[in-house]
Amino acid sequence: MPTTPSTARERTQVRRKPERASYDFEDAAAIVDEAIYCHVGIVRDGAPVVIPMVHARDGRRLYLHASPAAGLARDARKGEQVCVTFTLVDGLVLARCGRSHSLNYRSAVVFGTAARVTDEGEKRRALEAFVEHAVPGRSEHLRSTTEREVREVDVVALDLDELSVKVRNGPAVDSDADRALPIWAGVVPLGLVATGPAVTDAEVPDGVAVPDHVARWGERQAAGFVARPSYM
Ligand SMILES: Cc1cc2nc3c(=O)[nH]c(=O)nc-3n(C[C@H](O)[C@H](O)[C@H](O)COP(=O)(O)OP(=O)(O)OC[C@H]3O[C@@H](n4cnc5c(N)ncnc54)[C@H](O)[C@@H]3O)c2cc1C
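In short, a report on the structure. (Residues numbered from 1 in each chain as written. Predicted model: local features only at pLDDT ≥ 70, side-chain atom pairs only at ≥ 80, totals over all residues. Heavy atoms only, no water.)

Here we take up the site of the ligand. The immediate surroundings of the ligand are formed by 15 residues, with Arg11, Arg15, Arg16, Ser164 and Lys166 found nearest. Contact distances for the ligand include 2.7 Å between a nitrogen atom and a side-chain N or O atom of Ser164. For the ligand, whose accessible area on its own is 860 Å², the fraction buried by protein is 56%. Only strand E7 (102–113) and strand E10 (162–168) provide two or more residues apiece to the shell around the ligand. If one sorts the elements of the shell around the ligand by residue count, E7 sits on top with five residues. The residue makeup of the shell around the ligand, split by class, is six nonpolar, five polar and four charged. (Near = heavy atom within 4 Å. Polar contact = N/O pair within 3.5 Å; in protein donor to acceptor, adjacent residues only side chain to side chain. Areas by Shrake-Rupley, 256 points an atom, 1.4 Å probe, with all protein chains shown as cover. Helix = DSSP H or I, 4+ residues; strand = E, 2+ residues; numbered from the N terminus. Nonpolar A, V, L, I, M, F, W, Y, C, P; charged D, E, K, R; others polar.)

Structure representation (structure tokens):
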């Protein structure tokens, strides 16, 4: 994690292990781009709710989308504050005692005001970005999105401005005495990978092969599409 001149605002200040924190946009953007989904937190009628969603990023704009009847779309019509969290779990950190077990991770927390995107051009670009975010190279293979399809979805944007990043990377932090014990300790690397080759839909006509952008998806992830930190 590069050192950064950016500083925390009051609600983004990481208090525990602040040396693992960054408030730098680029650090956050790398996590946002690698995460395939996020969790959107909001307070509704005085109680918190946290909803998993997919997302896309264009520069400093973060996009979410939902049916106009969905809670997020209603929240955006009211210009509500949201908190969006992105989590990449990189490893199980196994220590010599239960208390020192941990995870290696990269996470980002973003605060902002959810705003409905009304500009049709921006909305279309965002809809394409959701597909490209999950499967780069796919959009050009698809039929065009119709005007009705654009109308039938709400796109919500917020600025990637008020944010924090936290990264844990490395072995267990055991005491000197524990490190001398004959107990295995180490890291089990974790990540999001394809669990098998793509399964072709039964109604795909004969002769339509799995395209490269699909076949490459698993390879891209396994090879570390975004350079993962080394663990040991
Ligand atoms: C997958 C995963 C599992 C975790 N499990 C635990 C657990 O079981 N127990 C535990 O105590 N901690 C856990 N953590 C760490 C946890 O996320 C907090 O960092 C930690 O609780 C200390 O928070 P705090 O008191 O410093 O900040 P808080 O007072 O909780 O939050 C203040 C601000 O700090 C920022 N912030 C806090 N944590 C993060 C973060 N992880 N990433 C980005 N910004 C952050 C936010 O902007 C937040 O508004 C886990 C982290 C991850 C990614």
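The next thing to look at is the sheet that holds strand E4 (residues 56–58). For sheets, the rule is that strands pair by backbone hydrogen bonds, running either parallel or antiparallel. Sheet architecture is open: four strands sit in the order E4-E5-E9-E8, paired in antiparallel fashion. Only two strands of the sheet have a single partner each, and these edge strands are E4 and strand E8 (115–116). Pairing of E4 with strand E5 (residues 61–66) involves three bridges; the strand directions are antiparallel. Bridge assignment links Ala56 to a residue of E5, and that residue is Tyr63. (Pairing = 2+ DSSP bridges.)

Below, the discussion takes up a nonpolar patch on the surface. Residues Val89, Leu92, Leu103, Val188 and Leu190 make up a contiguous nonpolar surface patch of roughly 310 Å² in combined accessible area. Relative to the assigned elements, Val188 resides in strand E11 (residues 186–189). Using a relative accessible area of 32% as the deciding quantity, one classes Val188 as partly exposed. (Patch = residues over 30% accessible without salt bridge, like charges linked within 9 Å, V, L, I, M, F, W, Y side chains within 5 Å. Salt bridge = Lys/Arg side-chain N within 4 Å of Asp/Glu carboxyl O. Buried < 20%, exposed > 50% of the residue type's maximum accessible area, 1.4 Å probe, protein only.)

A separate point is the pairing of strand E6 (residues 81–94). Across three bridges, strand E2 (residues 38–44) lies against E6 in antiparallel orientation. Following the sheet pairing, Val40 is matched in E6 by Val84. Of the pairings in the sheet, the one linking E6 to E7 comprises 12 bridges and is antiparallel in character. The residue of E7 that forms the bridge with Val89 is Tyr105. Summarising the sheet, E6 and E11 pair through four bridges and their orientation is antiparallel. Residue pairing for E11: Val93 is matched across the bridge by Val187.

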